[in-house]
Amino acid sequence: EVVHSMLGMTSSHWFTVIIQLLSRVILVEGIVYYPKAQENMFVYGILFAWGLTEMVRYSFYALKITGHEIRLLTWLRYSLFLVLYPLGVLSELMI
């Protein structure tokens, strides 16, 4: 994903992508190494927010590369973050 942004294949700046990637890796490592964190219900919020975001985003990119567009998917790609971003941030902070 970082390489894609460096090559201009996505509109995201490469530094933003690196920061997001590192924050996710650090958070996941913390959850893995601290069993108490694994019991926290907010782990499900993270999994839901991250999982749904990635499914929509990569489906959108795959269709875009093939020259297709599904209007609902495009709308979800650019609107779903209004709900999922706060859910993800809240869940990350609560762990």
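Look above for the structure.
Residues numbered from 1 in each chain as written. Predicted model: local features only at pLDDT ≥ 70, side-chain atom pairs only at ≥ 80, totals over all residues. Heavy atoms only, no water.

Chemist: An account of the environment of E39 is needed here, citing residue identities and associated values.
Modeler: In this fold, E39 is placed in the loop between helix 3 (35–38) and helix 4 (42–65). For E39, a relative accessible area of 63% gives the class exposed. (Helix = DSSP H or I, 4+ residues; strand = E, 2+ residues; numbered from the N terminus. Buried < 20%, exposed > 50% of the residue type's maximum accessible area, 1.4 Å probe, protein only.)

Chemist: Break down the packing of helix 2 (residues 14–33) against helix 4 for me, with residues and values.
Modeler: When two helices pack together, you describe them by how their axes are tilted relative to each other and by the distance separating the axes. For the pair helix 2 and helix 4, interaxial distance at closest approach is 13 Å and the crossing angle is 145°. Helix 2 and helix 4 meet at a crossing whose hand is left-handed. Contact residues: R24, L27, V28 and I31 in helix 2; V43, I46, W50 and E54 in helix 4. In terms of residue class, the contact of helix 2 with helix 4 is built from six nonpolar, no polar and two charged. (Axes fitted to C-alpha atoms, helices over the stretch in contact; angles between N-to-C directions. Left-handed = near helix turned anticlockwise from the far one by under 90°. Contact = heavy atoms within 4.5 Å. Nonpolar A, V, L, I, M, F, W, Y, C, P; charged D, E, K, R; others polar.)

Chemist: How would you summarise the pattern of salt bridges if you had to cite specific residues and measurements?
Modeler: Taken as a whole, this structure holds three salt bridges when the rule is applied. One salt bridge connects R57 with E54, and the closest N-O pair in it is separated by 2.4 Å. Of this pair, R57 and E54 both sit in helix 4, three residues apart, roughly one helical turn. There is no split in this pair, since R57 and E54 are both buried. (Salt bridge = Lys/Arg side-chain N within 4 Å of Asp/Glu carboxyl O.)

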